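Summary of the model geometry
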Amino acid sequence: MATDPNEKIEGLERPNTPPMPLPGTGTDLGGADRQPAHVVKLYMSQCVEGGWVQDTADGRTIDVDTTFQYVVNLEFESPEKAKAFMARDDIDQISGTMAKTMESMAQETLGLEIQRDFLPESYPDGQIPKDVHNGFTPNTIMDMNIVATDFIGVMRATYPDLGLTGATVDEGSVNQLPGCYFGIPEDKAAIPASPEETANAGLFRNSNSLNL
């Protein structure tokens, strides 16, 4: 990514960042970051035009798009509602619709993030982080949570029986990669066994490959 569209980035390497969880492994049950039992994670992977430039051996440049991976925390009114959601026969259709809707609503904001990444004014201290690919800039965090609020309004109107109360973007889940990387969609993740019988589980969704 570059400060202006014409600035070249020497080489093109996959950032040294941890991958998103594999299908069915997106649970978070312990430690200080433990999610409440009424949260279900929706894993997003969407491609946005531009962001990387690769120099070729023959002197040409190739534009490379950016894949944004991030998690949307779906909040339910109770653990029972979260469990009921995970147990639905049509969870694949619903979560696919959720992913497609979030992708559409977030696309413009993620395009702005590409421009913000390497602008010093995007950061409170005016310092560009060493690895900008592991997080959103502050304004994008704010914008993405506004998008998530609008998104959950649409989902509540579309599926009033689910018991959805809110949605936020997990700031620690952000990962930007050069190119378009699409995961393997999973029908649904199993609810992990625990003494609390928590319904905190993850849905791994490739929003670009689901056939709805």
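Structural notes, computed from the coordinates. (Residues numbered from 1 in each chain as written. Predicted model: local features only at pLDDT ≥ 70, side-chain atom pairs only at ≥ 80, totals over all residues. Heavy atoms only, no water.)

Next up on the list: the state of the cysteines. Overall, the coordinates contain 1 disulfide when judged by the stated rule. Here Cys47 is linked by a disulfide to Cys180, with a sulfur-sulfur distance of 1.9 Å. Taking the sign of the torsion about the S-S bond as the criterion, the disulfide between Cys47 and Cys180, at about -45°, is left-handed. On the criterion of sequence distance, the pair formed by Cys47 in strand β1 (residues 39-55) and Cys180 in the loop between β3 (164-178) and β4 (202-204) is long-range, its members being 133 residues apart. When its relative accessible area of 14% is taken as the criterion, Cys47 is described as buried. For Cys180, a relative accessible area of 36% translates into the label partly exposed. (Disulfide = S-S within 2.5 Å. Helix = DSSP H or I, 4+ residues; strand = E, 2+ residues; numbered from the N terminus. Buried < 20%, exposed > 50% of the residue type's maximum accessible area, 1.4 Å probe, protein only.)

Inspection of the secondary structure puts Thr137 in the loop between α2 (91-116) and α3 (138-158). For Thr137, a relative accessible area of 1% puts it in the buried group. Once you skip the residues sitting within four places of it in the chain, Thr137 turns out to touch Glu113, Arg116, Asp117, Ser122 and Tyr123. (Contact = heavy atoms within 4.5 Å.)

Further remarks concern the packing of α2 against α3. Interhelical geometry of α2 versus α3 gives an angle of 165° and a closest axis separation of 10 Å. What the angle tells us is that α2 and α3 run roughly antiparallel. Between α2 and α3 lies a crossing of right-handed hand. In this structure, α2 uses Met98, Thr101, Met102, Met105, Ala106, Thr109, Leu110, Glu113 and Arg116 to contact α3, whose residues at the interface are Asn139, Thr140, Asp143, Met144, Val147, Ala148, Asp150, Phe151, Val154 and Met155. Considering only residue class, the contact of α2 with α3 consists of 11 nonpolar, 4 polar and 4 charged. (Axes fitted to C-alpha atoms, helices over the stretch in contact; angles between N-to-C directions. Parallel < 35°, antiparallel > 145°, perpendicular 65-115°, else oblique. Left-handed = near helix turned anticlockwise from the far one by under 90°. Nonpolar A, V, L, I, M, F, W, Y, C, P; charged D, E, K, R; others polar.)

All right, on to α2 then. The terminal C-alpha atoms of α2 lie 35 Å apart, and with 26 residues this matches the ideal 38 Å at 1.5 Å per residue to within 8%. The sharpest bend along α2 measures roughly 45° and falls at Gln107. (Expected span 1.5 Å × (residues − 1). Bend = angle between axes of the 7 residues up to and from the residue.)

For the rest of this paragraph, the subject is helix α1 (residues 79-86). Three or more residues of α1 are buried, namely Ala82, Phe85 and Met86. Within α1, the buried residues cover an arc of 95° as seen down the axis, which keeps them to one side. (Arc of directions from axis to C-beta.)

Turning next to the environment of Ile146. By secondary structure assignment, the location of Ile146 is in helix α3. The spacing of Ile146 and Thr168 is 22 residues in sequence and 8.6 Å in space, taken between C-alpha atoms.

What follows deals with the side chain of Ser95. Within the element layout of this structure, Ser95 appears in helix α2. In this structure Ser95 comes out as buried when scored by relative accessible area, which is 0%.

Burial runs high along β1: 13 of the 17 residues are buried. Counting the residues that bridge the hairpin from β1 to strand β2 (residues 61-76) gives 5 residues, and of these Gly59 lies at a positive phi of roughly 90°. (Pairing = 2+ DSSP bridges.)

Following the criterion strictly, the structure yields 3 aromatic pairs and no others. With a centroid separation of 6.2 Å and an interplanar angle of 40°, the aromatic rings of Phe68 and Phe136 are classed as tilted. Here Phe68, found in strand β2, pairs with Phe136, found in the loop between α2 and α3; they are 68 residues apart in sequence, far enough to count as distant. Judged on exposure class, the residue Phe68 and its partner Phe136 are both buried. Judged by centre distance (5.2 Å) and plane angle (35°), the ring pair of Phe76 and Phe85 falls under tilted. Each member of the pair, Phe76 together with Phe85, is buried. (Phe/Tyr/Trp six-rings, centres within 6.5 Å; stacked < 30°, edge-to-face > 60°.)

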